[in-house]
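Per-entry structural report
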Amino acid sequence: FAVTVQANTRDVTGNSIIGNTFRNWGGTESNTGNNATVNIDNQPKKTRQFSAKNTIVKGNTFVGNRGAAISLLRTRDTRVENNDISGQKCSSRIGISQKDEVGIHIGGRFPMPGNPDLRAYVANNTIHDFDPPENCGLGRPTMVGIWADVDVDNGIAEYNRVYNIGRDDDLINGFNAHGIGIMIELQCDNWVVRNNTIYNTGSDGIRNGNDLS
């Protein structure tokens, strides 16, 4: 990671990542399951889940980085606004052949029962012109502008621009190259997706439901 904020032993509240430029982060060996340039991570514990809360990621420029530009994992009340993300490159996920190019990834998997807090507010970001899928090497290229992964509730994605991130399911190395503007995946409840501009993304503008298999 270029920047990581983790809540391991207590709640971490009120951090701001504003006005930075992240360029060409992540070499060819950064093929891990949680590769991102800016990572906000809420670590689950057996007895209690600590929270990364009230974080702001705003006005940053991301150019030519690998995997995800911004990753939010089990966060609360995180605002991701006015960032410009372009030229994302592929990074593999451990154990499977999928190669990811993602602008903003919001992960769940370990939900917070009874927690009504807003998980993520994603607005006014520009995500565009990803690296061509044929540069991903072996494996299935998957390009997503904004991706709410499994078990992420209570999010808002509005006034974002996503364009030129994928092509129309081109066959690359024997796999269809998925390209999706905004993906709200399985078991993601209470999301609002409105007033976004999405074009030339490949497979789908907005996709809700099943995963990418």
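Residue indices begin from 1 for each chain and proceed along its sequence in written order. A pLDDT threshold of at least 70 governs which residues receive local features in this predicted model, and a stricter bar of 80 or more applies before side-chain atom pairs are shown or counted, although totals over entire chains, interfaces and linings include all residues. Hydrogens and water molecules were not included; the side-chain quantities draw on all heavy atoms of the structure.

Regarding the sheet that holds strand β23 (residues 197-199)
Backbone hydrogen bonds hold the strands of a sheet together, and the pairing may be parallel or antiparallel. Paired strands, in this sense, are two strands between which DSSP finds at least two bridges. Helix and strand labels come from DSSP, where a helix needs a run of H or I of at least four residues and a strand needs a run of E of at least two; each type is numbered from the N terminus. On the basis of which strands lie adjacent, the open sheet formed by six strands has the order β4-β8-β11-β15-β18-β23 and parallel pairing. The sheet terminates laterally at β4 (21-23) and β23, the two strands that pair on one side only. Taken over all neighbouring pairs, the strand axes of this sheet differ in orientation by 5 degrees on average, direction set aside. Relative to strand β15 (residues 126-128), strand β11 (residues 84-86) runs parallel, the two being bridged by three bridges. Residue pairing in the sheet places D84 in a bridge with T126 of β15. What counts as an axis is a line fitted to C-alpha atoms, over the stretch in contact for a helix, and the angles between N-to-C directions run from 0 to 180 degrees.

Structural notes on the nonpolar core
As a rule of thumb, soluble globular proteins bury nonpolar side chains together. Ranked by size, the top nonpolar core spans 33 residues in total, and within it I70, I104, I106 and W191 carry the most contacts. Note on definitions: a residue-residue contact is assigned when non-hydrogen atoms from the two residues lie within 4.5 Å. In this structure, I104 is in contact with I70, V80, I85, V122, N125, I127, G145, I146 and W147, ignoring residues within four places of it in sequence. The next biggest cluster of nonpolar side chains, apart from the first, holds seven residues, and it includes A36, A68, V102 and M183. Only buried Ala, Val, Leu, Ile, Met, Phe, Trp, Tyr and Cys residues count toward a nonpolar core, and they belong to the same one when joined by side-chain atoms within 4.5 Å. Each residue gets one of three labels from its accessible area relative to the maximum for its type: buried under 20%, exposed over 50%, partly exposed in between, using a 1.4 Å probe on protein chains only.

A short note on the packing of aromatic side chains
Only rings of Phe, Tyr and Trp enter the pairing, Trp through its six-membered ring, and a pair is recorded when the two centres are within 6.5 Å. The plane angle decides the type: under 30 degrees is stacked, over 60 is edge-to-face, the rest tilted. Applying the stated rule across the entire model yields two aromatic pairs. Judged by centre distance (5.0 Å) and plane angle (25 degrees), the rings of F22 and F62 are stacked. Of the two residues, F22 is situated in strand β4 and F62 in strand β8 (residues 61-63); the sequence distance between them amounts to 40 residues. Its relative accessible area of 10% is what places F22 among the buried residues.

So, unusual backbone geometry
Glycine aside, a negative phi is what most residues show, and trans is what most peptide bonds show. Unlike most non-glycine residues, R74 shows phi in positive territory, near 55 degrees. Here R74 lies in the loop between β9 (67-73) and β10 (78-81).

Details of the sheet that holds strand β3 (residues 16-18)
In space, the six strands of this open sheet follow the order β3-β7-β10-β14-β17-β22, with parallel pairing throughout. Unpaired on one side and paired on the other, β3 and β22 (191-194) mark the two borders of the sheet. The sheet shows a mean angle of 5 degrees between the axes of neighbouring strands, direction not considered. For strand β17 (residues 155-158) and β22, the ladder comprises four bridges, and the chain directions are parallel.

A short note on the pairing of strand β14 (residues 120-123)
Where burial is concerned, the two faces of β14 agree: the one with A120 and V122 and the one with Y121 and A123 are both buried. Where β10 lies against β14, four bridges are found, and the strand directions are parallel. By the bridge assignment, E81 is partnered in β14 with A123. Bridge count for β14 against β17 is four bridges, and the pairing is parallel. In the strand pairing of β17, A123 is matched with E158.

Focus: the pattern of salt bridges
Just to be clear on terms, a salt bridge is a Lys or Arg side-chain nitrogen sitting within 4 Å of an Asp or Glu carboxyl oxygen. Per the counting criterion, the structure on display carries five salt bridges. As a salt-bridge pair, D41 and R74 come within 3.9 Å of each other at their nearest N and O atoms. With a gap of 33 residues between them, D41 in strand β5 (residues 36-42) and R74 in the loop between β9 and β10 connect regions that are remote in the sequence. Residue classification places D41 among the buried residues on the basis of a relative accessible area of 3%. For R74, a relative accessible area of 6% translates into the label buried. One salt bridge in this structure joins D204 and R207, with 3.3 Å as the shortest N-O distance.

Things to note about the side chain of S51
Relative to the helices and strands, S51 resides in the loop between β5 and β6 (52-53). Owing to a relative accessible area of 2%, S51 belongs among the buried residues under this scheme. Leave out the neighbours within four places in its chain, and S51 touches A7, D11, V12, N42 and R76.

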